[in-house]
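Summary of the model geometry
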Amino acid sequence: MSKLNLTSPLTFEPIFMERMWGGRRLESEFGKKLPPQKRIGESWEIVDRPEAQSVVANGPLRGKTLHDLWTQDRGEIFGDLPDASRFPLLVKLLDAHEKLSLQVHPPEEVASKLGGEPKTEFWYIVAAEPGAELYLGFRESITRDQFEKTLHDGTAADHVHKIRVKAGDAAFLPSGRLHALGAGNLLIEVQQNSDTTYRVFDWNRVDSKGKQRQLHVDQALQCIDFTDVRPRLLHREGELLLRDNLFEIRKWNLDSPREIAPRGQLAIVCCLTGSVHCADVDLTPGEFFLIPAQLQDRQLQARTDGTSLLRVTIPQASGFL
């Protein structure tokens, strides 16, 4: 019997991040209550970082932070996950009203040398305006010296691989992959718990004072995988979108009641369409909950026809279930 008396999935208060490239679609599409007159680019939905903490919004654990739960109730809520100082994932919504800078996140072996954190990501496109693109990897083989030259002469954009996307597309961004999110994309991001980004090119943009954004060219050049030519979007195999050593992501069309995961395994659910019900909690599109490992009522039900969701799980210390 759980000493926590876990009776329902955990929902968290979103944390809104103002970004120069952000917009207002998290409000218009998902009903998020955004601060007025601000360009909100990100909603951090599940996060355990020194500078940002998810706070439980419902039930007897209301008001506790994700880090409180990670340090005090690890087994009951998170199951047999590999030991770490913090919850290993960061889950966000992103609204790119304008395109983001061309950037890279460091692989593990480079991150420690540069004083950063490794970061691998997954993107699921919830909505995309006509013509919306992702920038992933290179169009053709290129050396580090050749690419560095394009940064100096302002032509780096000519060498980036562009992919036209639509709602339902998904991409994997292993650390080291050069990338940028194009304008008009609304997406779900599941990533390693890291906030290290090295901007290498910002499309020659300047602010109102004619100043360019700060770049991190030296660090980025040490991280970029220059053999990453013309990568593709993820190809879905049945329900499976991605299986990695950091996380597994499946898309479910919830046609009938279904157990989210075996007892003892944590899962994160994001509602894509319709409405998802578990125990005494309902989700609508753009909302998330975390199913604790020891929650007894683990059955998901659709409140409406056409309900779909993303299911995120983390490999356990003993391997995949």
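For the structure itself, consult the block above.
The structure reproduced in this document is the subject of the present report.

Conventions adopted
Residues numbered from 1 in each chain as written. Predicted model: local features only at pLDDT ≥ 70, side-chain atom pairs only at ≥ 80, totals over all residues. Heavy atoms only, no water. Pairing = 2+ DSSP bridges. Helix = DSSP H or I, 4+ residues; strand = E, 2+ residues; numbered from the N terminus. Salt bridge = Lys/Arg side-chain N within 4 Å of Asp/Glu carboxyl O. Buried < 20%, exposed > 50% of the residue type's maximum accessible area, 1.4 Å probe, protein only. Core = buried A, V, L, I, M, F, W, Y, C linked by side-chain atoms within 4.5 Å. Axes fitted to C-alpha atoms, helices over the stretch in contact; angles between N-to-C directions. Phe/Tyr/Trp six-rings, centres within 6.5 Å; stacked < 30°, edge-to-face > 60°. Lys NZ or Arg CZ within 6 Å of the ring centre and 35° of its normal.

All right, on to the sheet that holds strand β16 (residues 258-259) then. Ordered in space as β16-β21-β18-β19, the 4 strands form an open sheet in which the pairing is antiparallel. With one partner strand each, in any of the chains shown, β16 and β19 (281-283) form the two edges of the open sheet. Pairing analysis gives 3 bridges linking strand β18 (residues 276-278) to β19, with the strands arranged antiparallel. In the sheet register, V276 faces β19, and the bridge partner there is L283.

The subject of this paragraph is the pattern of salt bridges. Pairing between side chains becomes possible if they bear opposite charge and their charged atoms approach one another. Inspection of every chain in the model, using the stated rule, returns 24 salt bridges. R25 is the salt-bridge partner of E129, the closest N and O atoms lying 3.9 Å from each other. Of the two residues, E129 sits in the loop between β7 (121-128) and β8 (133-138) while R25 sits in helix α1 (residues 25-28), which places them 104 residues apart along the sequence. Judged by its relative accessible area of 15%, R25 is buried. The shortest N-O distance in the salt bridge between D202 and R205 comes to 2.7 Å. Judged by its relative accessible area of 5%, D202 is buried. Salt bridges here are not isolated pairs; linked through shared partners, they connect R19, E42, K92 and E189.

The next point concerns the nonpolar core. Counting residues in hydrophobic clusters, the biggest one holds 58 residues, and the most contacted among them are F78, F87, F122 and L300. Formed by 21 residues, the second largest nonpolar core is a distinct cluster that contains V110, V200, F201 and C223.

Spatially, 6 strands are ordered β1-β2-β5-β12-β7-β10 in an open sheet, and the strand pairing comes out antiparallel. Lying at the two open borders of the sheet, with one neighbouring strand each, are β1 (15-23) and β10 (170-173). Ignoring strand direction, the axes of neighbouring strands in this sheet form an average angle of 25°. As defined by bridge partners, β1 adjoins strand β2 (residues 40-46) across 5 bridges and the pair is classed as antiparallel. Note on β2: the bridge partner recorded for F16 is S43.

This paragraph deals with the packing of aromatic side chains. Under the counting rule described, the total for this entry stands at 8 aromatic pairs. The interplanar angle of 75° and the centroid separation of 5.9 Å between the aromatic rings of W70 and F87 together place this pair among those described as edge-to-face. Of this pair, W70 sits in helix α2 (residues 66-72) while F87 sits in the loop between α3 (74-78) and β5 (89-96), and the two are 17 residues apart along the sequence. Accessibility assignment for this pair places W70 and F87 in one class, buried. Clustering of aromatic rings is evident, with ring pairs tying together W70, F78 and F87. Positioned over the ring face of W203 is K99, at 4.2 Å from the centre of the ring. Cation over ring: R258 sits above W252, and NZ or CZ is 3.7 Å from the ring centre.

Next up on the list: the pairing of strand β12 (residues 185-192). A regular strand places its side chains so that they alternate between the two faces of the sheet. Counting buried positions over the 8 residues of β12 gives 8, a clear majority of the element. Pairing between β5 and β12: 8 bridges, direction antiparallel. Its bridge partner lying in β12, D95 is registered against L186. Two elements, β7 and β12, share 7 bridges in a ladder whose sense is antiparallel. For E121, the partnering residue across the bridge sits in β12 and is Q191.

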